[in-house]
Structure formats: C-alpha cells, structure tokens
Amino acid sequence: MGTTAREEMRRFWERNERSGRPLSPHVSIYKWSLPMAMSISHRGTGVALSLGVSLFSVTALLLPEQFPHYLAQVRALSLGPALVCSAKFLLALPFCYHTWNGIRHLV
C-alpha cells in the first residue's frame, strides 16, 4: 500500500533532523537590492498590464455602445488638463517601465 502525504512529510522531517541539514533561509533575511526590487516591480507591472488589457477587452465586448459614445461621455465631463495628463501618465508609466526593463533584461 502507498503512503499518505502526511507520512511522507513526517519521514522527510525525521531524516532532515537526524542528518542535521540546515533549513533553507527565509525570505526575510535577504537584504533588499535594486535588482531584486526591479524584478519584483517588473513582474507586478506585467501582471497589472495583462489584467488591465484583459479587463478593458472584456468591458469593450460587453458594453452596449461603441467606443466613440464613451469617449464623448468622458469629454463631456470637462476634466482639467492636469487630471487628463496625470491619467495618461499613470497609464503610460507601467507600460514604459515594463518595456524598458524587459529590454534591459534581454541585453
């Protein structure tokens, strides 16, 4: 008969204690570095961009009107130029960072 996962784990830990092998270090002992932070933010921007594009695509498919209708509604809000530029910057920043960091990684 096969063993259960619980029995396998118990045997593993018993062997590990008998042999005196050290445990792997926990993530909290590592000192933060720039490459580590850039790697994490690269993954974060990649996930955010893929979720954003997916959400935008599904929304565009499900909404009853065409894009020009919603664009006209946004223009009717008469948002100030500072708010519009800030929104554009917040949309472009993750894309630019992810793209340039990916190129840096490939080089």
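Remember, it's a predicted structure, so these values are computed and weren't measured experimentally.

Thoughts on the UniProt feature "binding site: heme" (unreviewed entry) in the protein chain
Part 1: Mapped onto this structure's residue numbering, the UniProt feature "binding site: heme" (unreviewed entry) falls at His98.
Part 2: Here His98 is to be found in helix α4 (residues 81–106).
Part 3: With near-sequence residues (within four places) excluded, His98 lies in contact with His42, Thr45, Gly46 and Leu49.
Part 4: A distance of 3.1 Å separates a polar side-chain atom of His98 from the backbone oxygen of His42.

So, the environment of Asn16
Part 1: Looking at where Asn16 falls in the secondary structure, it is placed in helix α1 (residues 5–19).
Part 2: The class of Asn16 is buried, set by a relative accessible area of 8%.
Part 3: Between the C-alpha atom of Asn16 and that of Val47, which follows or precedes it by 31 residues, the distance is 37 Å.
Part 4: Contact partners of Asn16, with chain neighbours within four places excluded, come to Arg21 and Leu23.

Topic: unusual backbone geometry
Part 1: Positive phi outside glycine occurs at Ser78, with the angle close to 50°.
Part 2: Here Ser78 shows up in the loop between α3 (67–76) and α4.
Part 3: Judged by relative accessible area, which is 62%, Ser78 ranks as exposed.

Notes on the packing of aromatic side chains
Part 1: Tallying each qualifying case throughout the model produces one aromatic pair.
Part 2: Taking 5.1 Å as the distance between ring centres and 70° as the angle between the ring planes, the aromatic pair formed by Phe12 and Trp13 counts as edge-to-face.

Some points on the side chain of Asn101
Part 1: Examined against the element boundaries, Asn101 turns out to sit in helix α4.
Part 2: Of the polar contacts made by the side chain of Asn101, one reaches the backbone oxygen of Met38; its length is 3.4 Å.
Part 3: What Asn101 contacts, discounting residues up to four positions off in sequence, is Met38 and His42.

So, the UniProt feature "transmembrane region" (unreviewed entry) in the protein chain
Part 1: Those residues carrying the UniProt feature "transmembrane region" (unreviewed entry) are residues 46–64 and 76–97 in this numbering.
Part 2: As a span, residues 46–64 carries 89% helix and 0% strand, and end to end its C-alpha atoms are 29 Å apart.
Part 3: Secondary structure content for residues 76–97 is 82% helix and 0% strand, and the end C-alpha separation is 31 Å.

The rules behind the values
Residues numbered from 1 in each chain as written. Predicted model: local features only at pLDDT ≥ 70, side-chain atom pairs only at ≥ 80, totals over all residues. Heavy atoms only, no water. UniProt positions renumbered as here; feature names shortened; annotations may be inferred. Helix = DSSP H or I, 4+ residues; strand = E, 2+ residues; numbered from the N terminus. Contact = heavy atoms within 4.5 Å. Polar contact = N/O pair within 3.5 Å; in protein donor to acceptor, adjacent residues only side chain to side chain. Buried < 20%, exposed > 50% of the residue type's maximum accessible area, 1.4 Å probe, protein only. Phe/Tyr/Trp six-rings, centres within 6.5 Å; stacked < 30°, edge-to-face > 60°.

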